[in-house]
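Given next are the chains, with one letter for each unit.
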Amino acid sequence: KAGVTQTPRYLIKTRGQQVTLSCSPISGHRSVSWYQQTPGQGLQFLFEYFSETQRNKGNFPGRFSGRQFSNSRSEMNVSTLELGDSALYLCASSFGTYTDTQYFGPGTRLTVL
Amino acid sequence: AQTVTQSQPEMSVQEAETVTLSCTYDTSESDYYLFWYKQPPSRQMILVIRQEAYKQQNATENRFSVNFQKAAKSFSLKISDSQLGDAAMYFCAYRSAFGQGAQKLVFGQGTRLTINP
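These numbers were taken from a predicted model, which means no experiment stands behind them. (Residues numbered from 1 in each chain as written. Chains lettered and ligands numbered in written order. Predicted model: local features only at pLDDT ≥ 70, side-chain atom pairs only at ≥ 80, totals over all residues. Heavy atoms only, no water.)

## Description of the overall build of chain B
In plain terms, the rule: Here a helix means four or more residues in a row that DSSP labels H or I, a strand means two or more in a row labelled E, and each is numbered from the N terminus. C-alpha atoms define the radius of gyration, and 2.2 Å times the number of residues to the power 0.38 defines the globule rule. Any two residues having at least one pair of non-hydrogen atoms within 4.5 Å are treated as being in contact.
Within chain B, the regular secondary structure consists of zero helices and 12 strands. Ordering the α and β elements of chain B from the N terminus gives β-β-β-β-β-β-β-β-β-β-β-β. Whereas a compact globule of 117 residues would reach a radius of gyration of roughly 13 Å, chain B reaches 14 Å, a difference of no more than 12%. Overall, chain B is about 45 × 30 × 20 Å in size when its C-alpha atoms are taken along their principal axes. The long-range fraction of contacts in chain B, counting pairs at least 24 apart against all pairs at least 6 apart in sequence, stands at 55%.

Here's what the structure looks like:
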């Protein structure tokens, strides 16, 4: 079974631009969660989608948004990029029940210049 | 809010020896899940082991085992017969068993493990 895939793997943007990252979950998984990883703040939860609905959101500004499609693929968007948005963005998928485990993709490395 | 603390930023061990990584957490919940994830230089986060809080028996996966002390809120990872491929950043993570918290992992700051040949 194919794992979680994320595209693109690397991105370079400039301040003020916007960016869209994509995540395709493991087949059969209906939940996708997004995390931001930085050296200073570590791993922080952004949001989680299940069946096209956002179920939970972390403590990030409104510039960070996401959505999920009917095939469970998810996108996250960051508008008006800031230097501090430079990070590794990880997505994880699961079946979405309270008992199952999240499996991570390889991440998208975003650099904001 | 739940917190996870890994007090050892870095550790090193000789190949073939045993090493234990520490993790403590803070929660008022009685039911939850704990995880150890490994992140090698490739940056892919890989699940190492998972523990359900309602289970008293410590989880084991081949050379990896945990010492789960619920009352002490401690969750350490023991790696036996360390191999060069075990070198990575190790993250301890907490997840609630119910409610909105069940949808997110709370991570510790990580422990960088080096394996010396």
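Further notes follow.
## Some points on the pairing of strand β9 (residues 87-94) of chain A
All names here are of chain A. The following threshold applies: Whether a residue is buried, partly exposed or exposed follows from its accessible area with a 1.4 Å probe, protein chains only, as a fraction of its type maximum: under 20%, in between, or over 50%, in that order. By the convention used here, strands pair only if DSSP detects at least 2 bridges between them.
For β9, the tally of buried residues reaches eight of eight residues, placing the bulk of the element in the interior. Residues Ala87, Tyr89, Cys91 and Ser93 of β9 are buried on one face, and the alternating residues Leu88, Leu90, Ala92 and Ser94, pointing to the opposite face, are buried as well. Bridge count between strand β4 (residues 31-38) and β9: seven bridges; the pairing is antiparallel. In the strand pairing of β9, Ser33 is matched with Ala92. Bridge analysis of β9 against strand β11 (residues 108-112) gives three bridges, and the strand direction is antiparallel. By the bridge assignment for β11, Leu88 is matched with Arg109.

## Examining the pairing of strand β12 (residues 111-116) of chain B
Residue and element names in this part refer to chain B. Here β12 shows a clear split, with Thr111, Leu113 and Ile115 buried on one side and none of Arg112, Thr114 and Asn116 buried on the other. Sheet analysis places strand β2 (residues 10-14) next to β12, joined by five bridges and oriented parallel. Bridged to Glu10 within β12 is Arg112. Summarising the sheet, strand β10 (residues 88-96) and β12 pair through three bridges and their orientation is antiparallel. In the sheet register, Met89 faces β12, and the bridge partner there is Arg112.

## Observations regarding the interface of chain B and chain A
In plain terms, the rule: Here the quantity called buried area is the total loss of accessible area, with a 1.4 Å probe, experienced by two parts when brought into contact, counted for both. Only one rule defines a salt bridge in this text: a Lys or Arg side-chain nitrogen within 4 Å of an Asp or Glu carboxyl oxygen. N or O atoms closer than or at 3.5 Å make up a polar contact, with two conditions inside protein: a donor-capable atom paired with an acceptor-capable one, and, for residues adjacent in sequence, both atoms drawn from side chains.
On the side of chain A, 26 residues touch chain B, which itself brings 23 residues to the contact. Considering only the surface of chain B that becomes buried against chain A, Arg43(B), Met45(B) and Gln103(B) emerge as the three largest contributors, covering 29% of it. Where chain B meets chain A, there are zero salt bridges. On inspection of chain B and its partner chain A, the count reaches seven residue pairs in polar contact (both at pLDDT 80 or more). Elements supplying a minimum of two residues to the side of chain B that touches chain A: β5 (32-39), β6 (46-52) and β10 of chain B. At four residues, β5(B) tops the list of elements feeding residues into the side of chain B that touches chain A.

## Considerations on the side chain of Gln6(A)
Residue and element names in this part refer to chain A. Position of Gln6 among the secondary structure elements: in strand β1 (residues 5-7). Residue class for Gln6 comes out buried when judged on its relative accessible area of 3%. Here the side chain of Gln6 touches Tyr89 through a polar contact of 3.0 Å, landing on its backbone oxygen. For Gln6, the side chain forms a polar contact with the main-chain nitrogen of Cys91, separated by 3.1 Å. Look past the residues within four positions of Gln6 in its chain and what remains in contact with it is Ser22, Cys23, Trp34, Tyr89, Leu90, Cys91, Gly105, Pro106, Gly107 and Thr108.

## Some points on the layout of surface pockets
One water molecule sets the probe size; rolling that probe over the atoms shows where empty space is left. Using the following cut-off: Put simply, the grid is 1 Å and covers the protein atoms alone, a cavity is a trapped set of points that fit a 1.4 Å probe, a pocket is an open set with protein on both sides within 12 Å along at least five of seven lines, and lining residues have an atom within 4 Å of a point. Grid points are joined across faces, edges and corners, and a volume is the space filled by probe spheres set on the points. For this scheme, ten residues count as nonpolar: Ala, Val, Leu, Ile, Met, Phe, Trp, Tyr, Cys and Pro. Four count as charged, namely Asp, Glu, Lys and Arg, and the remainder, Gly too, count as polar.
When its volume is computed, the largest pocket comes out at roughly 310 Å³. Lining the largest pocket are 16 residues; nearest its centre among them are Gln44(A), Phe45(A), Lys104(B), Leu105(B) and Val106(B). Elements supplying a minimum of two residues to the lining of the largest pocket: β5 (42-50) of chain A together with β11 (106-107) of chain B. Counting residues per element, the lining of the largest pocket draws most heavily on β5(A), at three residues. Each residue belonging to the lining of the largest pocket can be placed in one class, and the counts come to seven nonpolar, seven polar and two charged. Volume-wise, the second largest pocket comes out at about 210 Å³. If you trace the second largest pocket, you find it lined by Gln37(A), Thr38(A), Pro39(A), Gly42(A), Arg109(A), Gln39(B), Arg43(B), Met89(B), Phe91(B), Gln109(B) and Arg112(B). Of all elements in the fold, only β4 of chain A together with β10 of chain B reach the threshold of two or more residues within the lining of the second largest pocket.

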